[in-house]
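Here is what each chain is made of, one letter per residue.
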Amino acid sequence: MFSRSLFQTSRPMVAKSQVPKAVRYVRTFKQEEQPRLRINALAPNFTAETTQGKLDFHEYLGNSWGVLFSHPADFTPVCTTELGAFAKLKPEFDQRNVKLIGLSAEGVDKHQKWIKDIEELSNLDKFSFPVIGDSNREVAFLYDMVDEEGFKNLSKGIVHTIRSVFIVDPAKKIRLMISYPASVGRNSAEVLRVIDALQKGDSKGVVTPIDWQPGQDVIIPPTVSDADAKKKFGDFKTAKPYLRFTKA
Ligand code: BEZ
């Protein structure tokens, strides 16, 4: 399992006050050691400070699904709309047994102040999932939540994080990865749609077509024979021998 020890940080031998904030930490991170994240790989574990205290990622997820999503910075307009939208949709994620965890590349104290704005702007009584304070970008590096420029600058301490989304299943496997540039806000409905599709596929042994929405027909995988499909799904429609639809 990967751990944060890949991302050791050390302080330069100069007074803190003499160093511009952006270069206060010098990373000894080796780019070639960055984990290759793939669908169905184990989601790297980490411990991190969050707005709900220090947590271990895998322990936090427990037997739930998880959505880990990153933000470039606090008090930025696009991120503010995104965190507000995810916080409002939390009951939808709860219904699907999914725990949310955000990340922004700044400290927890700043996040707490920012969350007050998000609660106000999104009419939320309480913002109720943790946001990681990733000011030294350790989790961002672990999950490769950086753009090309940020990756090149890993050792220089100046990086740009992007908007990454990781969906992790209860076995802690990465089931989906989406990356957006900092300039484009995510589609929260798409995140819910993909969770519905993954859960439908896992529970029924089916796959889902383009733009699938819950309630629509699903596809019987080509590995299932017609005879087995009949036993398993009852009726199905054959558009081509390799394209069979059923209601599941
Ligand atoms: C934003 O959230 O508005 C944002 C953050 C970083 C770069 C560009 C936009």
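Quick caveat, the model's predicted, so the values are computed rather than measured. (Residues numbered from 1 in each chain as written. Predicted model: local features only at pLDDT ≥ 70, side-chain atom pairs only at ≥ 80, totals over all residues. Heavy atoms only, no water.)

1. So, the pairing of strand β11 (residues 237-240)
Applicable threshold: Pairing between strands requires that DSSP locate at least two bridges from one strand to the other. Under the DSSP-based scheme used, a helix requires at least four consecutive residues in state H or I and a strand at least two consecutive residues in state E, with every element numbered from the N terminus.
The pairing of β11 with strand β12 (residues 243-246) spans 3 bridges and is antiparallel. Opposite Lys240, over in β12, you have Leu243 as the bridge partner. Here β11 folds back onto β12 in antiparallel fashion, the turn holding 2 residues.

2. As for the confidence of the model for the protein
Counted only if it meets this: Every residue carries a pLDDT, the predictor's confidence in it, which falls somewhere between 0 and 100. Throughout, a residue-residue contact means that at least one pair of heavy atoms, one from each residue, lies within 4.5 Å.
On average, residues of the protein carry a pLDDT of 88, and 85% of them reach 70 or more. The model gives residues 1-26 a pLDDT under 50, and that stretch makes 42 contacts with residues more than four places away or in other chains.

3. Brief notes about the packing of aromatic side chains
This is how the line gets drawn: Centres within 6.5 Å are what make two rings of Phe, Tyr or Trp a pair, Trp counting through its six-membered ring; a difference in plane orientation under 30 degrees is then read as stacked, over 60 as edge-to-face, and the rest as tilted. Each ring is checked for a lysine NZ or an arginine CZ that lies within 6 Å of its centre and within 35 degrees of its normal; such an atom marks a charge sitting over the ring.
Inspection of the entire model under this criterion finds 9 aromatic pairs. Measuring from ring centre to ring centre gives 4.5 Å for Phe127 and Phe129, while their planes differ by 40 degrees; the resulting arrangement is tilted. Cluster of aromatic residues (ring-pair linked, three or more members): Phe69, Phe86, Phe93, Phe127 and Phe129. Positioned above the aromatic ring of Tyr60 is the side chain of Lys99, whose terminal nitrogen or guanidinium carbon lies 5.1 Å from the ring centre. Between Arg244 and the ring centre of Phe236, over which it is positioned, the NZ or CZ distance is 5.9 Å.

4. Quick notes on the nonpolar core
Convention followed: Buried residues of nine kinds, namely Ala, Val, Leu, Ile, Met, Phe, Trp, Tyr and Cys, make up a nonpolar core once their side-chain atoms join them within 4.5 Å. Accessible area is worked out with a 1.4 Å probe on protein chains only. A residue is then buried under 20% of its type maximum, exposed over 50%, and partly exposed in between.
Membership of the largest hydrophobic core comes to 47 residues, with the highest contact counts inside it found for Val67 and Tyr143. No other element matches helix α7 (residues 188-204), which puts 5 residues into this core. Apart from the residues within four sequence positions on either side, Val67 is in contact with Phe93, Val98, Lys99, Leu100, Ile101, Val165, Phe166, Ile167, Val191 and Ile195. By size, the runner-up hydrophobic cluster in this structure holds 8 residues, among which are Ala197, Trp212, Val224 and Ala229.

5. Quick look at the site of the ligand
Our working definition: For this purpose, a residue is taken to be near a molecule or strand whenever a single non-hydrogen atom of the residue falls within 4 Å of it. Two N or O atoms form a polar contact when they lie within 3.5 Å of each other; inside protein one atom must be a possible hydrogen donor and the other a possible acceptor, and for residues adjacent in sequence the pair counts only when both atoms belong to side chains. In this count, Pro and Cys sit with the nonpolar residues alongside Ala, Val, Leu, Ile, Met, Phe, Trp and Tyr, while Asp, Glu, Lys and Arg are called charged and the others, Gly among them, polar.
Lining the immediate environment of the ligand, one finds Pro72, Thr76, Pro77, Val78, Cys79, Arg163 and Ala182. Measuring from an oxygen atom of the ligand, one finds a backbone N or O atom of Cys79 at 2.9 Å. Here the shell around the ligand is composed, by residue class, of 5 nonpolar, 1 polar and 1 charged.

6. Points about the pairing of strand β4 (residues 53-56)
Direction of pairing for strand β3 (residues 47-50) relative to β4: antiparallel, over a ladder of 4 bridges. From the neighbouring strand, Thr50 faces β4, where its bridge partner is Gly53. Where β3 folds back on β4, the antiparallel hairpin that results is connected by 2 residues.

7. A short note on the pattern of salt bridges
Stated formally: By definition here, a salt bridge exists when the distance from a side-chain nitrogen of Lys or Arg to a carboxyl oxygen of Asp or Glu is within 4 Å.
Under the counting rule described, the total for this entry stands at 14 salt bridges. Put simply, Asp169 and Arg175 hold a salt bridge, and the shortest N to O gap is 3.0 Å. Note on Asp169: relative accessible area 8%, which makes it buried. On the basis of relative accessibility, which here comes to 16%, the residue Arg175 falls in the buried class.

8. Digging into the packing of helix α2 (residues 77-88) against helix α4 (residues 108-121)
Our working rule: To define axes, lines are fitted to C-alpha atoms, for helices over the stretch in contact only, and angles between the resulting N-to-C directions are given on a 0 to 180 degree scale. When describing relative orientation, an angle under 35 degrees is termed roughly parallel and one over 145 degrees roughly antiparallel, while 65 to 115 degrees is termed roughly perpendicular and anything else oblique. By definition, any crossing whose near helix is turned counterclockwise from its far helix by less than a right angle is left-handed, and any crossing with a clockwise turn is right-handed.
At a minimum axis separation of 9 Å, α2 and α4 run at an interaxial angle of 65 degrees. Taken together, the axes of α2 and α4 lie roughly perpendicular to each other. Once α2 is placed against α4, the crossing between them reads as right-handed. The segment α2 lies against α4, with Cys79, Thr80, Leu83 and Gly84 engaging Trp114, Ile118 and Leu121. The residue makeup of the contact of α2 with α4, split by class, is 5 nonpolar, 2 polar and no charged.

9. Notes on unusual backbone geometry
Here Lys172, not a glycine, exhibits a phi torsion of approximately 70 degrees, which is positive. Within the element layout of this structure, Lys172 appears in the loop between β8 (163-168) and β9 (174-180). A positive phi angle, close to 60 degrees, is found at Asp211, a residue other than glycine.

10. Section: the layout of surface pockets
For clarity, the threshold we go by: Definitions used for this entry: grid spacing 1 Å over protein atoms alone; cavity, a set of points where a 1.4 Å probe fits but cannot get out; pocket, an open set with protein on both sides within 12 Å along at least 5 of 7 lines; lining residue, one with an atom within 4 Å of a point. Grid points are joined across faces, edges and corners, and a volume is the space filled by probe spheres set on the points.
What the second largest pocket holds in volume is close to 190 Å³. Looking at the second largest pocket, it is lined by 13 residues, and the ones nearest its centre are Leu37, Tyr143, Asp144, Phe166 and Met177. Those elements that provide at least two residues to the lining of the second largest pocket are β8 and β9. Here the residues of the lining of the second largest pocket sort into 8 nonpolar, 3 polar and 2 charged.

11. Digging into the UniProt feature "active site" (unreviewed entry) in the protein
Selection rule: UniProt positions are given in the numbering used here, feature names are shortened, and annotations may be inferred rather than shown by experiment.
Taken from the UniProt record, the annotation "active site" (unreviewed entry) applies to Cys79. Note that Cys79 resides in helix α2. A residue is classified by how much of its surface remains accessible, and Cys79, at 1% relative accessible area, is buried. Leaving out residues up to four positions away in the same chain, Cys79 has contacts with His71, Pro72, Ala73, Trp114 and Arg163.

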